[in-house]
Structures are given as C-alpha cells and as structure tokens.
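# Structure at a glance
Okay, here's what each chain looks like letter by letter:
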Amino acid sequence: MSTTKKATEVGVFIPVGNNGWVASVNAPPTPGNYEHNLQVTRLAEQLGFDFALSMAKWRGYGGPSRHWDTTLESLTTMAALAQATSSIKIWGTVHMMIFPPAVVAKMVSTIDQISNGRVGLNLVSGSNPHDLGQLGLWKPLDHAGRYELADEWIKVVKRLWTEDRVDHKGRFYELTDCMSNPKPSRPPTLICAGASDRGFQFTIDNCDASFFTASDDDASLQRGKRAKELAAKAGKPEFKSYGLFTLIPGETDALAQARLDHFDDGVDRIALATQTAEYSSDVSAKQNFAAQYFIDQGARVSSVLGGAMTGSAETLARRVARTIIEAELDGITLIVPDFIEDLRFVGERVLPLLEEFGVTTRAGATTRAAA
Ligand SMILES: Cc1cc2nc3c(=O)[nH]c(=O)nc-3n(C[C@H](O)[C@H](O)[C@H](O)COP(=O)(O)O)c2cc1C
C-alpha cells in the first residue's frame, strides 16, 4: 500500500430523472422532482461532498417503469440548488447543440452570482438523436461535426465571459458587437464527459476536467490513464480526471448482491430496448462512446450502468480506492440506488474507510471529525 495518500474529490450525480440510474420496476423511490434533489444535495453538502452534478435529458424511455419520463431541466435546477446551499459546488449540464452560446454564457454568469462562484458546466456534444430530435433541435451532424460545433461554441462563451464586446462569424454562430454582462467572478469550472478520443481531445483543449465511467476493470483503468497521458502531452498537468461510479452498498457482500438481483428481477426491458434503438440511430453510433455504453447495457439486460460495484462498506472502499489510485483519478462522481439511504451509507461508512486504502476525501474527513 502506498504511504502518500491520494487526495480525491467526491461528487454526487443527482437524480433529476425518475428512477435515478436503476431501469427497473424495483428501483428505490426516486421521483425525479425538485424536492428530492434538494434533499439529496443538502445531504451531500452536509456529508462534506465537493460537488453536485445534474445531467441534461429531455426524453424518457417509457416501459413499465416509465424510466426517465420525468426529468428536471439541469441549469434551472442548479440555480435553485445554488441558492439552497452554501459550500458544495454546483455543476449543471448543457447540450451545446441546442442552446446558443450567448444564452448559456449569461445563464452561467447568473448562477455564478447566485452561488458565489460555485458554478460549473458539463458540456455535452450530443449523442442521442431522439432526445434532442423530439425538440426539433437535433442538428444532423456526425461525431466530428458535433465536436466542431462544440469547439466553436465554447470559444464564443469564453470570449463573452472575458471581453467587453464580441464579434464572431463562424460555421455555426454569428455574433455582432455582442455584450454580455455580468462576467463570472472566476472562470466557471468546465467539464466534459466525451470519452472517445475526439471527446478527450476537445475536453483537454477546452475544459478543466474529463468525466468518464469507471469501475475496476482494465478498460476503466486504461481510460483514466489515457486522459492523463493526453493532458500531459498537451502540457496541462493541472488537468483533472473524474470517474463515474455506481455503488450498490449492503451490510454484507451477499446482501448488496441481493439488492442488485432484485433490481435486475424487475429490469425494464422495454425501456432498455428503446434506449438501444435511440442510440443505434446515430449515424456515428460506432464512434459515439455513450451510444456504445448504453447499447451494451441493453445487450446485458442490466438494470444498472456498466461497471456497477456491489458490496459491503469495506469491499466498496477497497475497490474504489484501487481504481482511484490505478486510474490516477482526481475525483469520483457517485451514483447510488437510493439517494438518501445509500448516499448516507457511502458518505458515513465507505468514504472514511478509503483512507485505509490510500485515498483521502473531504467527505471522509468530515465523518471522521464528527465521530
Ligand atoms: C459523467 C457523465 C455525464 C454525462 N452527462 C450527460 C448528460 O447529462 N446528457 C447527455 O446527453 N450525455 C451525457 N453524457 C454523455 C457524454 O457527455 C458524451 O456526449 C458522450 O459520451 C458522447 O461523446 P463521446 O463519443 O466523445 O464519448 C455523460 C457521460 C458521463 C460519463
């Protein structure tokens, strides 16, 4: 075991969609409403978590569980949560394809004021043609074209955050003597979860951190290392990488596995089939990492995301710490089945144990200090 402990940030992927990330009729009660997300975010803050992130999703998958048929809009939710909290970082998500950059520049500057500088933005290039297509807002671009739009979009936003007046004429956007005030009090944290090579490159060129799905399998460990390698090559040693973990805790390994079995017993095959069909319809489905990941979930007929970890507090702590160290992660984003009971279990019992396996977190230290 290493003697120097690795300091790691911890965040929660708040459940703005009903059922959270359990596509099953046996999902724990997760309404996808504001009241629940307020409780989850306040609990995360109290547990010492570093950030709360919400996804952007516009259309659900139906089926008997009505998976994600109800989803809150990300940035308006985060604006309210910014007002309701005081220390946790508040990160929202936008699909760059559907929001003009000048509109988002001002929305984020507004949340910067509401949150006293705690705002961050997760940039999504777009991966599901139906999600945005139903709005009439999907642009018929392939994977490379979507990242070309993304490159132009973020450059415009950054100029609006720092320059008095902006003139811009590009392939996708035209701004004439555009004034955008207020400016953010500090550069908002920019993250992206593109996991293709092109997505990583966009992220390293334009953002502070890369988010990707993680588990202790070799592919996840390699993804973490790849992000760091590309960042080092680009001369950005301060660039961060964050792994997304689904943790299913239990008092014992067997009880945790029994919980997953129960979710899988009620797996929503119709919702998964819809998810697969939607992602498969992308002309660039093969290059689109999210499409591959969700199509794979459908093929496995699994109620939870790939790489989900089950186990007791000790088992989870050991596996998460190993992944953090081997994949060189700077932070982790957590998904749990029940965002009250399980978040508390992870915050109070798993995170403090990470220290024994070489990883320190603010949340773990908060629990230790309270004990
Ligand atoms: C932590 C995490 C959060 C994500 N959030 C969203 C989201 O809110 N909305 C969305 O449409 N896609 C989301 N994605 C998908 C990615 O942002 C990205 O669009 C997708 O992976 C396609 O790009 P790629 O082919 O470069 O990976 C998320 C992925 C991860 C791992």
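About the criteria used
Within any chain, residue numbers begin from 1 and follow the written order of that chain's sequence. Per-residue local features are limited, in this predicted model, to residues with pLDDT of at least 70; the limit for side-chain atom pairs, both in listing and counting, is 80 or more; totals at the level of whole chains, interfaces and linings are taken over all residues. The side-chain values count all of the structure's non-hydrogen atoms but skip hydrogen atoms and water molecules. For this purpose, a residue is taken to be near a molecule or strand whenever a single non-hydrogen atom of the residue falls within 4 Å of it. Any pair of nitrogen or oxygen atoms within 3.5 Å is treated as a polar contact; in protein, a donor-acceptor pairing is required on top of that, and neighbouring residues in sequence qualify only through side-chain atoms on both sides. To be clear on the numbers: accessible area is Shrake-Rupley with a 1.4 Å probe, and residue cover counts the displayed protein chains and nothing else. Geometry is summarised by axes, namely lines fitted to C-alpha atoms with helices restricted to the contacting stretch, and by angles between N-to-C directions that run from 0 to 180 degrees. Under the DSSP-based scheme used, a helix requires at least four consecutive residues in state H or I and a strand at least two consecutive residues in state E, with every element numbered from the N terminus. Under this scheme an angle from 65 to 115 degrees is roughly perpendicular, one under 35 degrees roughly parallel, and one over 145 degrees roughly antiparallel; angles in between are oblique. Contacts between residues were defined by any pair of non-hydrogen atoms, one from each residue, lying within 4.5 Å. Ten residue types, Ala, Val, Leu, Ile, Met, Phe, Trp, Tyr, Cys and Pro, are classed as nonpolar, four, Asp, Glu, Lys and Arg, as charged, and the remainder, Gly among them, as polar. Note that a disulfide, as used here, is simply two cysteine sulfur atoms within 2.5 Å. UniProt positions are given in the numbering used here, feature names are shortened, and annotations may be inferred rather than shown by experiment. A 1.4 Å probe rolled over the protein chains alone gives each residue an accessible area, and that area as a share of the maximum for its type sets the label: buried under 20%, exposed over 50%, partly exposed in between.

The chain is annotated in an unreviewed UniProt entry as Pyrimidine monooxygenase RutA from Cupriavidus yeoncheonensis.

### Focus: the site of the ligand
The immediate surroundings of the ligand are formed by 23 residues, with His95, His143, Tyr147, Ala195 and Ser196 found nearest. Contact between the ligand and Ala195: an oxygen atom at 2.7 Å from a main-chain N or O atom of the residue. The side chain of Ser196 places a nitrogen or oxygen atom 2.6 Å from an oxygen atom of the ligand. The fraction of the free accessible surface of the ligand (620 Å²) that becomes covered by protein chains is 92%.

### Notes on the packing of helix α5 (residues 143–162) against helix α6 (residues 197–206)
It is at 10 Å that the axes of α5 and α6 come closest, and there the two elements cross at 10°. Comparing their axes, α6 and α5 come out roughly parallel. Between α5 and α6, the contacting residues are His143, Tyr147, Glu148, Ala150, Asp151, Ile154, Lys155 and Lys158 on the first element and Arg198, Gly199, Phe202 and Asn206 on the second. In the contact of α5 with α6, the residues fall into 4 nonpolar, 3 polar and 5 charged.

### A closer look at the state of the cysteines
Following the criterion strictly, the structure yields 0 disulfides and no others. The thiol of Cys207 is unpaired, and the distance to the nearest cysteine sulfur, on Cys192, comes to 5.4 Å.

### What about the UniProt feature "domain: Luciferase-like" (unreviewed entry) in the chain?
According to UniProt, the "domain: Luciferase-like" (unreviewed entry) feature falls on residues 9–321. Measuring from the first to the last C-alpha atom of residues 9–321 gives 12 Å, for a span that is 43% helix and 17% strand.

### Thoughts on unusual backbone geometry
Residues Asn181 and Pro182 are joined by a peptide bond in cis, for which omega reads 10°. Relative to the elements of secondary structure, Pro182 occurs in the loop between β7 (174–178) and β8 (189–192). Phi is positive for Asp177, which is not a glycine, with a value near 45°. Secondary-structure assignment places Asp177 in strand β7. Residues other than glycine seldom take positive phi values, yet Val301 does so here, at roughly 50°. With respect to the helices and strands, Val301 occurs in the loop between α10 (289–300) and β11 (309–311). When its relative accessible area of 28% is taken as the criterion, Val301 is described as partly exposed.

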